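Descriptive structure summary
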Amino acid sequence: MEDILKIEHLHKAFDGFTVLEDVNLTVKKGEVTVVIGPSGCGKSTFLRCINGLEDIQDGRVLLHDEVINPNKKDLRSTHEKIGMVFQSYDLFPHKTIIDNVALAPIKVQKRKKEDVYKEASELLDRVGLLAKKDSFPRQLSGGQKQRVAIVRALIMHPEILLFDEVTAALDPEMVREVLEVILSLAKEGRTMLIVTHEMDFAKAVADRILFMDGGHIVEEGSPEEFFENTKTDRAKRFLDSFKYK
Amino acid sequence: MNTEAIVSYLPLYKEAFVLTIKIGWLGIALAFAIGIVSAFILYFNIPVLSKVIKAYVELFRNTPLLVQLFFIYFGLPKMGIDISSQVCGCLGLGLLGGSYMAETFRSGLCAIANTQIESATALGMSKSQIFIHIILPQAFTISITALIANVIFLLKETSVFSAISLMDLMFTAKDLIGLYYNTTECLLLLVLFYILMLLPVSFLGNLIEKKVRFGIFGD
């Protein structure tokens, strides 16, 4: 499979405080990569660097061999190709659900309105929210909002999807409905980079696990390798923290 | 109560009412224009201009309209600029209102969370698209209550126009009291005409507020 995304020697610092140091990663088409690690280890910053929401101090991010970060000014075409879903959904509160979904394809990609609304309806139907298309975000539960946010990213036909702790703000019983949507996307063969704290989900969805700590990728492997035969002590300790004995 | 006097004063009040509304709303329109432009300059922190706007806002928010009107009405002619009392009223109200509107709009713009801008950026929207489709509509919704309050406040401020010999409601009432000593009747008419001027604004304002706020706030 061809490489979609390549990250080379990525270095990111906030006001001299290093957050990411020499991070390297290659993502192949159709691959689901899950990034886990303790809070503050740089996972979210890593995702944000990939689609240019953060500037970087060294290294580069390539999408199909085209450099997109370091710090290119106009990232609009990049943003179309890289979809991102955030922890806090960030739907546009003044727009109805279907308008939330249809806004970017119409304004950014200049697609025909009727086509966009048709596809938006189909996608909303797929995540079970067609009935809510004329509601406002405030009228939806957290899980529903997050499913809309996923649809809003999908309709742009991105080549890769980034998920930044998309279930972290949800009530436990709403986590499943969101994760199932992501799981079904994985089965479709979509390329995804997922940051999560849901270990069981990581196990189920990942082709590859990256464990980050202190701004480095500390361990990397298939889910079986990583969860059954954890190599590093740091990762072992991290995984133990999820167990109650 | 002298009803005969009331009836005979009515045409004068009506005339003053029309004039007050005319100057009042023209001034408010000017205030909106100044306020929006000023808020944009402050929000985007445009060099030099934003300093000028800040000084303007502080100057006009911290001085009474009456004083501002005196400066415009008696000051400008001394600099060789002739100005009618009607233009002076409009300008004064516009400048005072502009300083209030600027801060109201700006607070609305600043209330939009950065995550809104980020999620729109992640969808590939340009800065101007984000401003037009994401920031502006939400900022307007957030500021609408304060904007309507400003409009009502400014309409009431027209009552100092009498000081620059504009024949507004207050001027007419004072004039008639001075001439005929029917104080009760004149003041009653004054109150009634102010209510007639402001009640519809309040009512309409509530309707607009309800409609505009429905999407985001639902109340």
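Residues numbered from 1 in each chain as written. Chains lettered and ligands numbered in written order. Predicted model: local features only at pLDDT ≥ 70, side-chain atom pairs only at ≥ 80, totals over all residues. Heavy atoms only, no water.

1. What to know about the overall build of chain A
Secondary structure assignment for chain A yields nine helices and 10 strands. For 245 residues, the compact-globule estimate of 2.2 N^0.38 gives 18 Å, and the C-alpha radius of gyration of chain A, at 18 Å, lies within 12% of that figure. For chain A, the spread of C-alpha atoms along the principal axes amounts to about 55 × 45 × 35 Å. Looking at chain A as a whole, 54% of its 245 residues qualify as buried. Long-range contacts, defined here as pairs at least 24 residues apart, represent 66% of the contacts in chain A between residues at least 6 apart. As presented, chain A carries roughly 11000 Å² of accessible surface, and 46% of it is formed by carbon and sulfur atoms. Computed over 36 positive and 41 negative side-chain charges, the inter-centroid distance for chain A is 5 Å. (Helix = DSSP H or I, 4+ residues; strand = E, 2+ residues; numbered from the N terminus. Rg over C-alpha atoms; globule rule 2.2 N^0.38 Å. Buried < 20%, exposed > 50% of the residue type's maximum accessible area, 1.4 Å probe, protein only. Contact = heavy atoms within 4.5 Å. Areas by Shrake-Rupley, 256 points an atom, 1.4 Å probe, with all protein chains shown as cover. Lys, Arg positive; Asp, Glu negative; His and termini not counted. Charge placed at Lys NZ, Arg CZ, Asp CG, Glu CD.)

2. A look at the sheet that holds strand E6 (residues 82–85) of chain A
Residue and element names in this part refer to chain A. With respect to topology, six strands assemble into an open sheet ordered E6-E7-E8-E3-E9-E10, the strand pairing being mixed. Unpaired on one side and paired on the other, E6 and strand E10 (216–221) mark the two borders of the sheet. In this sheet, adjacent strand axes meet at a mean angle of 20° when their direction is disregarded. Pairing analysis gives four bridges linking E6 to strand E7 (residues 160–164), with the strands arranged parallel. In the sheet register, Gly 83 faces E7, and the bridge partner there is Leu 161. Against the sheet, helix H5 (residues 142–154) contacts E6 and E7, and its axis sits at roughly 170° relative to E6. (Pairing = 2+ DSSP bridges. Axes fitted to C-alpha atoms, helices over the stretch in contact; angles between N-to-C directions.)

3. Quick word on the interface of chain B and chain A
The partner chain A presents 24 residues to the 21 residues of chain B that form the contact. Of the roughly 2000 Å² buried between chain B and chain A on both sides combined, carbon and sulfur atoms contribute 63%. Looking at the side of chain B facing chain A, the largest losses of area belong to B:Glu118, B:Ala122 and B:Leu123, adding up to 28% of the total buried there. Applying the counting criterion to the chain B and chain A interface returns one salt bridge. A salt bridge links B:Glu118 to A:Arg48, with the nearest nitrogen and oxygen atoms 2.5 Å apart. One can count nine residue pairs in polar contact (both at pLDDT 80 or more) joining chain B with chain A. At the level of secondary structure, the elements contributing two or more residues to the side of chain B that touches chain A comprise helix H5 (114–122) and helix H6 (127–157) of chain B. Among the elements that make up the side of chain B that touches chain A, the one with the highest residue count is H5(B) (seven residues). (Buried area = accessible area lost by both parts, 1.4 Å probe. Salt bridge = Lys/Arg side-chain N within 4 Å of Asp/Glu carboxyl O. Polar contact = N/O pair within 3.5 Å; in protein donor to acceptor, adjacent residues only side chain to side chain.)

4. Details of the packing of helix H7 (residues 169–180) of chain B against helix H8 (residues 183–213) of chain B
A pair of packed helices can be characterised by two numbers: the angle between their axes and the separation between those axes. Residues and elements named next belong to chain B. Close contact between H7 and H8 brings their axes to 9 Å; oriented N to C, the two are set at 170°. As far as their axial angle goes, H8 and H7 are roughly antiparallel. On the side of H7, the interface is formed by Leu 169, Met 170, Ala 173, Leu 176 and Ile 177, while H8 contributes Thr 183, Cys 186, Leu 187, Leu 190, Phe 193 and Tyr 194. A per-class count over the contact of H7 with H8 returns 10 nonpolar, one polar and no charged. (Parallel < 35°, antiparallel > 145°, perpendicular 65-115°, else oblique. Nonpolar A, V, L, I, M, F, W, Y, C, P; charged D, E, K, R; others polar.)

5. What to know about the confidence of the model for chain B
Put simply, chain B has an average pLDDT of 93, and 100% of its residues get 70 or more. Here the complex is predicted with pTM 0.88, and the ipTM for its interfaces comes to 0.89. (pLDDT = per-residue confidence, 0-100.)

6. Focus: the nonpolar core
Core analysis: the largest hydrophobic core is formed by 110 residues, its most contacted members being A:Phe163, A:Ile182 and B:Tyr13. Here this core takes 12 residues from H6(B), the largest share from any one element. Those residues in contact with B:Tyr13 that lie beyond four places of it in its chain are B:Leu169, B:Thr172, B:Ala173, B:Leu176, B:Cys186, B:Leu189, B:Leu190 and B:Phe193. Formed by 31 residues, the second largest nonpolar core is a distinct cluster that contains A:Ile4, A:Ile7, A:Leu25 and A:Phe86. (Core = buried A, V, L, I, M, F, W, Y, C linked by side-chain atoms within 4.5 Å.)

7. Re the environment of B:Ile195
Residue and element names in this part refer to chain B. Mapped onto the fold, Ile 195 is located in helix H8. Since its relative accessible area comes to 43%, Ile 195 is described here as partly exposed. Sequence-wise, Ile 195 and Phe 74 are 121 residues apart; in three dimensions their C-alpha atoms are separated by 31 Å.

8. Some thoughts on unusual backbone geometry
A positive phi is found at A:Asp15, a non-glycine position, where the angle reads about 50°. Looking at the secondary structure, you find A:Asp15 in the loop between strand E1 (3–14) and strand E2 (17–28). Residue A:Asp15 is classed as exposed on the basis of its relative accessible area, which comes to 85%. In this structure, B:Asn45 is a non-glycine residue whose phi angle is positive, near 50°.

9. Topic: helix H3 (residues 97–107) of chain A
Three- or four-residue spacings in an α-helix give side chains the same orientation, since the helix completes a turn every 3.6 residues. Buried residues dominate H3(A), accounting for nine of its 11 residues. When H3(A) is considered as a whole, its buried residues turn out to be A:Ile97, A:Ile98, A:Asn100, A:Val101, A:Ala102, A:Leu103, A:Ala104, A:Pro105 and A:Ile106. At its buried positions, H3(A) is contacted by helix H4 (113–126) and H5 of chain A together with H6 of chain B.

10. Examining the side chain of B:Thr172
Residues and elements named next belong to chain B. Along the polypeptide, Thr 172 turns up in helix H7. For Thr 172, a relative accessible area of 8% puts it in the buried group. Non-local contacts of Thr 172, meaning those with residues more than four positions away in its chain, are made with Leu 12, Tyr 13, Ala 16 and Met 167.

11. Details of helix H1 (residues 3–43) of chain B
Residue and element names in this part refer to chain B. At Leu 10, H1 shows its strongest bend, of approximately 40°, with the proline Pro 11 following within four residues. In this structure Asn 2 caps H1, since a side-chain oxygen of it lies 3.3 Å from the backbone nitrogen of Glu 4. Just beyond H1, the residue with positive phi is Asn 45, at close to 50°. (Bend = angle between axes of the 7 residues up to and from the residue.)

12. Notes on the packing of aromatic side chains
Under the counting rule described, the total for this entry stands at 17 aromatic pairs over all chains. When the centroid spacing of 5.6 Å and the interplanar angle of 45° are considered together, the rings of B:Phe70 and B:Phe74 count as tilted. Taken together, the residues B:Phe70 and B:Phe74, both in helix H3 (residues 65–78) and four residues apart, mark about one turn of the helix. Assessed through its relative accessible area of 45%, B:Phe74 is described here as partly exposed. Ring geometry for B:Tyr73 versus B:Phe74: centroids 5.0 Å apart, planes at 75°, classification edge-to-face. Taken together, A:Phe211, A:Phe226, A:Phe227, A:Phe238 and A:Phe242 form an aromatic cluster joined through their ring pairs. (Phe/Tyr/Trp six-rings, centres within 6.5 Å; stacked < 30°, edge-to-face > 60°.)

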